[in-house]
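What the coordinates show
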Amino acid sequence: MSSVEVKSEVTGSVWKIGCRVGDTVTRDQELVILESMKMEIPVIAPQDGRIKELLVAEGDSIAEDQTIAVVEVG
Amino acid sequence: MDDRKTAQTGTQTSCEDRFEELARRRAWSLEMGGQEAIERHHDRGRLTIRERIDQLSDKGSFQEIGRLTGKAEYDEQGRVTHVQPAPYVMGVAEIDGRPVAVGGEDYTVRGGTSWSGLRRKGGQGGFIEDAAHEYRIPLVNLIDGSGGAVTSLESRGYTVFPGVDGFDRSVELMGEVPVVSAVMGTAAGGPAGRAILSHFSVMVRESSQIFAAGPPVVERALGEKLDREELGGSGIAVDTAGTIDNVADSEEDCFRQIRRFLGYMPSNVWELPPVWPTDDPVDRCEDALTSIIPEQRTRPYNMRRLLELVFDDGSLFEIQPTFGKTVITMLGRMNGQSVGIVANNPMVYGGAMDARGARKQTHFVELCDNFHIPLVFVVDIPGFLVGSGAEKAGTLRDGMRAVYAGLKADVPILTLVVRKCFGMAGMGTINKKSLEFKVAWPSGEWGSLPVEGGVKAAYRREIAAADDPAAKEAEIEERLRRLSSPFRSAEAFAVEEIIDPRETRPYIARFIDLARNRLKTCCGQKLKSGVRP
């Protein structure tokens, strides 16, 4: 079992969270939606797995490359 | 009579000796650094330079040049006993039946370090560069060496001025023939610089690294303790810095990418790119294009999927997919013809151009302009990226450099606006000095800046004076948005055509075909393009 950090590619804020710790997720599933440049930017699961950690809350400011969640895979 | 016969025999024997010596010398060159060194190289998961050239080029097409160069040992009678080959293998070969010049360091011989022959075989200023220039054929550098060493100072007895093996030919080639650099091992110093002076560069994940100087030098200069991968692995060089364009998962993948890249290129700037047959119907209309843009303006979508639906099936090859991700740059084909595609990526900052994306776009536009590859801009750009991070990154400067490159390009440009096209960054997607041909989907919208971004500033007093400022702002926004219909622009011929998204492929193909007529008239080298800002 290994873990993959899911990072934000943009600076912005957390608009909606669509998963909880322990959820099983599939590749390309939207985990969190960020608001950046007036757009709703989805943060997606890179692989099938389970949400091990969720490191943001709605309304949080997010920096580029910040870890949003950790997904347990394999 | 007998004397004459003896003399003849003697001559024949001498010739045979020479042929035999030639054969022995050729055999030594094939031994490279010896079995032990080759095994060590293989154990690191790497191919030898000869295996690399064989895998890269068409079977049996490699014609080596300089097989006999090396460091020889002689016995007391002056007869050669062994030659350690020079640590560089090069020659001409074919890729998909088209000639290329190819060369690379032989790591099994002294780690591929510089060799002090009368004339360099490869690298900057080497014979292989001159051959690519002379025969007007692409150059492929398979780089696996760390350049010179300070030990040469002792053997020479004096220091040389930087540039003794200059980059002048390397720079000249950038305007003449396609140059590809593949970093196959660790590249530092001169070979690292040589890798950058290319039109396309690629490195192998976890097997190759590139940096100006390696970990020992960095630790001594800055106190940073990093291993080679942390300092210049693909995570830094490709994904973070964009120093190298693409990463390959293996050496085989690396050769596949090189072959792929060269397939879009002409052999030199005096020719047009090749046209490859395609089974993809030029009149293919995809219903999926009608729903690919979300109704909700704030939702992004998969631009790469959109491109796949439009261009020739399986023809897209992305350059720098993991760097500057606000912009997507791809080589592709339309009805068999090479095209360069610059598309905005709504999934990253809504497609707003950041400094890294701008750098990528600048290089790509110049690449296509240099090799007469028509450009298609697929536009959904809200403008330059804003904010303190963007300002610190120099977005305006890099962004305007991208605009500059677009306006300097002579190659035909077609602009397809699928959603937003705003501001100075939007200007960089249009060929202002020529036809200025802009086609849009009904979902298109454009202007100096998006309505929602400008209302609060432009109508500040009116909004402040209202009983309900928020309602007033929304009312003004709605009023302006109604005027933003693309059809109103089409009435004024401010956009040349609005098409049904399903018509995109046949529509673009028609004009790419026509562009070839113009391209035929402007082959050759580009004049110096002034000083880039």
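Residues numbered from 1 in each chain as written. Chains lettered and ligands numbered in written order. Predicted model: local features only at pLDDT ≥ 70, side-chain atom pairs only at ≥ 80, totals over all residues. Heavy atoms only, no water.

**Some points on the nonpolar core**
All names here are of chain B. With 60 residues, the main nonpolar core has Leu142, Ile258, Phe261, Leu331 and Leu375 as its most contacted residues. Counting residues per element, this core draws most heavily on helix α11 (residues 251-264), at 6 residues. Looking at which domains feed residues into this core, each of domain 1 (32-264) and domain 2 (287-448 + 485-517) supplies at least three. For Leu142, the contacting residues outside a window of four places in its chain are Ile49, Arg52, Ile53, Leu56, Val102, Gly103, Gly104, Glu105, Ala182, Met184, Phe255 and Ile258. Residues Ile292, Leu307, Ile341 and Ala343 belong to the second largest nonpolar core, which totals 30 residues. (Core = buried A, V, L, I, M, F, W, Y, C linked by side-chain atoms within 4.5 Å. Buried < 20%, exposed > 50% of the residue type's maximum accessible area, 1.4 Å probe, protein only. Helix = DSSP H or I, 4+ residues; strand = E, 2+ residues; numbered from the N terminus. Domains from an automatic or database assignment. Contact = heavy atoms within 4.5 Å.)

**A word on helix α2 (residues 35-43) of chain B**
Residue and element names in this part refer to chain B. Among the residues making up α2, those that are buried are Ala37, Ile38 and His41. The buried side chains of α2 occupy one side of the element, clustering within an arc of 100° when seen end-on. In α2, those exposed residues whose orientation departs by more than 90 degrees from the buried face are Gln35, Glu36 and Asp43. Phi turns positive one or two residues past the end of α2, at Gly45, with a value near 80°. (Arc of directions from axis to C-beta.)

**Topic: the pattern of salt bridges**
Residue and element names in this part refer to chain B. Applying the stated criterion to the full structure yields 38 salt bridges over all chains. Across the pair Arg169 and Asp130 runs a salt bridge whose closest N-O atoms are separated by 2.8 Å. Pair noted here: Arg169 is in helix α6 (residues 168-173) and Asp130 is in helix α4 (residues 127-135), with a separation of 39 residues, a long-range link. Linking Arg284 and Glu286 is a salt bridge whose minimum nitrogen-to-oxygen distance equals 2.7 Å. Overall, Arg284 belongs to the buried group, its relative accessible area being 17%. Under the relative-accessibility criterion, Glu286 is labelled partly exposed at 21%. Taken together, the shared-partner salt bridges connect Asp280, Arg284, Glu286, Asp312 and Arg505 into one network. (Salt bridge = Lys/Arg side-chain N within 4 Å of Asp/Glu carboxyl O.)

**A short note on a negative patch on the surface**
Residues and elements named next belong to chain B. A contiguous patch of negative charge on the surface is contributed by Glu206, Asp227, Glu229 and Glu230. Within the secondary structure layout, Asp227 lies in the loop between α8 (215-222) and α9 (228-232). Under the relative-accessibility criterion, Asp227 is labelled partly exposed at 40%. (Patch = residues over 30% accessible without salt bridge, like charges linked within 9 Å, V, L, I, M, F, W, Y side chains within 5 Å. Areas by Shrake-Rupley, 256 points an atom, 1.4 Å probe, with all protein chains shown as cover. Lys, Arg positive; Asp, Glu negative; His and termini not counted. Charge placed at Lys NZ, Arg CZ, Asp CG, Glu CD.)

**Here's the deal with unusual backbone geometry**
In this structure, Met37 of chain A takes a positive phi of about 50° despite not being glycine. Within the element layout of this structure, Met37 of chain A appears in the loop between β4 (30-36) and β5 (39-44). Exposure remark for Met37 of chain A: the relative accessible area of 23% places this residue in the partly exposed category. Positive phi values are uncommon outside glycine, yet Arg136 of chain B reaches one of about 60°. For Arg136 of chain B, the location among the structural elements is in the loop between α4 and β6 (139-143).

**Considerations on the domain arrangement of chain B**
Residue and element names in this part refer to chain B. Once the domains are mapped, chain B shows domain 1 (32-264) and domain 2 (287-448 + 485-517). The C-alpha-based centres of domain 1 and domain 2 are spaced at 36 Å. Each partner contributes to the interface: domain 1 provides 21 residues, whereas domain 2 provides 20 residues. Between domain 1 and domain 2, the buried area comes to about 1600 Å², and carbon and sulfur atoms account for 54% of it. Scanning the region where domain 1 abuts domain 2 turns up 0 salt bridges. The tally of links between domain 1 and domain 2 comes to 11 residue pairs in polar contact (both at pLDDT 80 or more). Elements represented by at least two residues in the side of domain 1 that touches domain 2 include exactly α10 (234-240) and α11. Here the residues of the side of domain 1 that touches domain 2 sort into 9 nonpolar, 8 polar and 4 charged. (Buried area = accessible area lost by both parts, 1.4 Å probe. Polar contact = N/O pair within 3.5 Å; in protein donor to acceptor, adjacent residues only side chain to side chain. Nonpolar A, V, L, I, M, F, W, Y, C, P; charged D, E, K, R; others polar.)

**Considerations on the UniProt feature "domain: Lipoyl-binding" (unreviewed entry) in chain A**
In this structure's numbering, the residues bearing the UniProt feature "domain: Lipoyl-binding" (unreviewed entry) are residues 1-72 of chain A. Measuring from the first to the last C-alpha atom of residues 1-72 of chain A gives 7 Å, for a span that is 0% helix and 57% strand. (UniProt positions renumbered as here; feature names shortened; annotations may be inferred.)

**What about the packing of aromatic side chains?**
Residues and elements named next belong to chain B. For the structure shown, the criterion picks out 5 aromatic pairs over all chains. Measuring from ring centre to ring centre gives 4.8 Å for Phe200 and Phe261, while their planes differ by 15°; the resulting arrangement is stacked. Of the two residues, Phe200 is situated in strand β9 (residues 200-204) and Phe261 in helix α11; the sequence distance between them amounts to 61 residues. Given a relative accessible area of 0%, Phe200 falls into the buried group. Ring geometry for Phe200 and Phe317: centres 5.7 Å apart, planes at 70°, overall edge-to-face. Of this pair, Phe200 sits in strand β9 while Phe317 sits in strand β12 (residues 317-319), and the two are 117 residues apart along the sequence. Looking at Phe317, the relative accessible area reads 5%, which means it is buried. (Phe/Tyr/Trp six-rings, centres within 6.5 Å; stacked < 30°, edge-to-face > 60°.)

**Some details on the confidence of the model for chain B**
Per-chain confidence: chain B averages 91 in pLDDT, with 94% of residues scoring 70 or above. Across the interfaces of the predicted complex, the ipTM metric reaches 0.84, alongside a pTM of 0.91. (pLDDT = per-residue confidence, 0-100.)

**Details of the sheet that holds strand β2 (residues 12-17) of chain A**
The 4 strands lie next to each other as β5-β4-β2-β7 (chain A), forming an open sheet whose pairing is antiparallel. Unpaired on one side and paired on the other, β5 and β7 (61-62) of chain A mark the two borders of the sheet. (Pairing = 2+ DSSP bridges.)

**Here we look at the packing of helix α3 (residues 49-56) of chain B against α11 of chain B**
Residue and element names in this part refer to chain B. Where α3 meets α11, the axes come as close as 9 Å, and the angle between the chain directions of the two elements is 45°. Here α11 runs oblique to α3, going by the angle between their axes. Once α3 is placed against α11, the crossing between them reads as right-handed. Every residue of α11 that contacts α3 at Arg52, Gln55 and Leu56 is listed here: Glu251, Glu252, Phe255, Ile258 and Arg259. (Axes fitted to C-alpha atoms, helices over the stretch in contact; angles between N-to-C directions. Parallel < 35°, antiparallel > 145°, perpendicular 65-115°, else oblique. Left-handed = near helix turned anticlockwise from the far one by under 90°.)

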